[in-house]
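So the chains spell out like this:
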Amino acid sequence: MKNINILVITPTYNEAENIEQFVSSVLERNVSLLIVDDNSPDGTGDIVKKLENQHDSLFSIHRIEKLGLGSAYKEGFRWAIDNKFQYVVEMDADFSHRLIDLDKLIVNAKKGDLILGSRYTPGGGSIGWDRKRKLLSYSANLVTRLVIGTQIRDITSGFRIYTTSSLNNIDFESVSSDGYAFQIEMFYLYCIANKKVIEIPILFEERRLGKSKMNKKIISEAIQLLIKLLGKRISIK
């Protein structure tokens, strides 16, 4: 049975090693898939164009340059809303987000406005990270919880489901961040709009092929956003 109301949105940049297997694995779930490619030098976009001829449920947006994760998701959200999808899934193409966990998120999609795939609830975790990476991620979420004032444990998770009805009720176009910061800022909008957010445990696996997109710029952007949100919280008080 086809999940015609579910669209998986996946931004790509240099994912040629993963993309063909990723596309086939996702579409086996009978969902639709939108690839937003930022003119990948390794030809990811060209592979996707060829695959579109083989799959009716595969769609793509090809951008002329590397514009970032956050803007890719915003463009995908607009596309999903315009094409009448009920749910949108954020998911990476590098298999760090497991297909079995995609199934779990979809099963729970109706339980809230935002369903987070959580590494920090019972049953969740990460595989293949060294101690430094685990400490960075855990600390980032701990500080974010304190700044925003929430009990949600995995705010930086990039594996999540939104209802398009809730996206229509928040100003996601105002989000200017990328990377970790994009996920934090989107979560913050859901908090101040009193949207229902729930966490579903997942296991995050280090990417199979290619290079991680994590860098100092992404970390710095997240820190600057947290300082900004802390300032807003203090001013409200």
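Q: Looking at this structure, I do not really get the packing of aromatic side chains. What am I missing?
A: Here the distance between the centres and the angle between the planes together describe a pair of aromatic rings. Using the criterion set out here, one finds 11 aromatic pairs in the structure. Summarising the aromatic geometry, the rings of Y73 and F182 are spaced 5.9 Å apart at their centres and angled 15° between planes, so their arrangement reads as stacked. Residue Y73 is located in helix α3 (residues 69-82), and its partner F182 is located in helix α7 (residues 179-192); the two are separated by 109 residues in the primary sequence. Assessed through its relative accessible area of 0%, F182 is described here as buried. Aromatic rings pair up to connect Y73, F77, Y162, F172, F182 and Y190 into one cluster. Here the guanidinium or amino end of K66 rests over the ring plane of Y13, the centre of that ring lying 4.3 Å away. Its guanidinium or amino end placed over the ring of F204, R119 lies 5.7 Å from that ring's centre, counting from NZ or CZ.

Q: Can you help me understand the sheet that holds strand β8 (residues 197-201) in this one?
A: Sheet strands line up and pair through hydrogen bonds in the backbone, either parallel or antiparallel. Strand order in the open sheet formed by 7 strands is β3-β2-β1-β4-β7-β5-β8, with mixed pairing between adjacent strands. Here the strands that pair on one side only, and so sit at the sheet edges, are β3 (58-62) and β8. For this sheet, the mean angle separating the axes of adjacent strands, direction not counted, is 20°. In this structure, strand β2 (residues 32-37) lies alongside β3, joined through 5 bridges in parallel fashion. When the bridges of β3 are listed, L33 appears paired with L58. Seen against the sheet, α3 touches β1 (6-12), β2, β3, β4 (87-90) and β7 (160-163) and runs at an angle of roughly 155° to β1. Taken strand by strand, helix α4 (residues 99-107) contacts β1, β4, β5 (114-118), β7 and β8, and its axis lies near 145° from that of β8.

Q: It is not clear to me how the packing of helix α1 (residues 19-27) against helix α2 (residues 44-52) should be interpreted in this structure. Could you clarify?
A: A pair of packed helices is captured by two measures, namely the crossing angle of their axes and the spacing between those axes. Interhelical geometry of α1 versus α2 gives an angle of 40° and a closest axis separation of 10 Å. Between α1 and α2, the crossing angle belongs to the class labelled oblique. For α1 against α2, the interelement crossing comes out right-handed. Contact with α1, carried on its side by I19, E20 and V23, involves T44, I47, V48 and L51 of α2 and no other residues of that element.

Q: Can you walk me through α2 in this structure?
A: In an α-helix, one full turn covers 3.6 residues, which means residues spaced three or four apart are oriented alike. All buried positions along α2 are accounted for by T44, G45, V48 and L51. Along α2, the residues classed as buried sweep out an arc of 120° about the axis, all on the same side. Buried residues along α2 sit against β1, α1, β2 and β3.

Q: What am I meant to see in α1 here?
A: Within α1, burial applies to I19, F22, V23, S25, V26 and L27. Residues of α1 that are buried make contact with β1, β2, α2, β3 and α4.

Q: What should I look at first to understand the side chain of N141 in this one?
A: For N141, the position within the fold is in helix α5 (residues 131-148). Given the relative accessible area of 0%, N141 is considered buried. Apart from residues no more than four positions distant in its own chain, N141 is found in contact with R119, Y120, R153, D154, I155 and T156.

Calculation criteria
Residues numbered from 1 in each chain as written. Predicted model: local features only at pLDDT ≥ 70, side-chain atom pairs only at ≥ 80, totals over all residues. Heavy atoms only, no water. Phe/Tyr/Trp six-rings, centres within 6.5 Å; stacked < 30°, edge-to-face > 60°. Helix = DSSP H or I, 4+ residues; strand = E, 2+ residues; numbered from the N terminus. Buried < 20%, exposed > 50% of the residue type's maximum accessible area, 1.4 Å probe, protein only. Lys NZ or Arg CZ within 6 Å of the ring centre and 35° of its normal. Pairing = 2+ DSSP bridges. Axes fitted to C-alpha atoms, helices over the stretch in contact; angles between N-to-C directions. Contact = heavy atoms within 4.5 Å. Parallel < 35°, antiparallel > 145°, perpendicular 65-115°, else oblique. Left-handed = near helix turned anticlockwise from the far one by under 90°. Arc of directions from axis to C-beta.

None of the figures reported here should be taken as evidence of function without further support.
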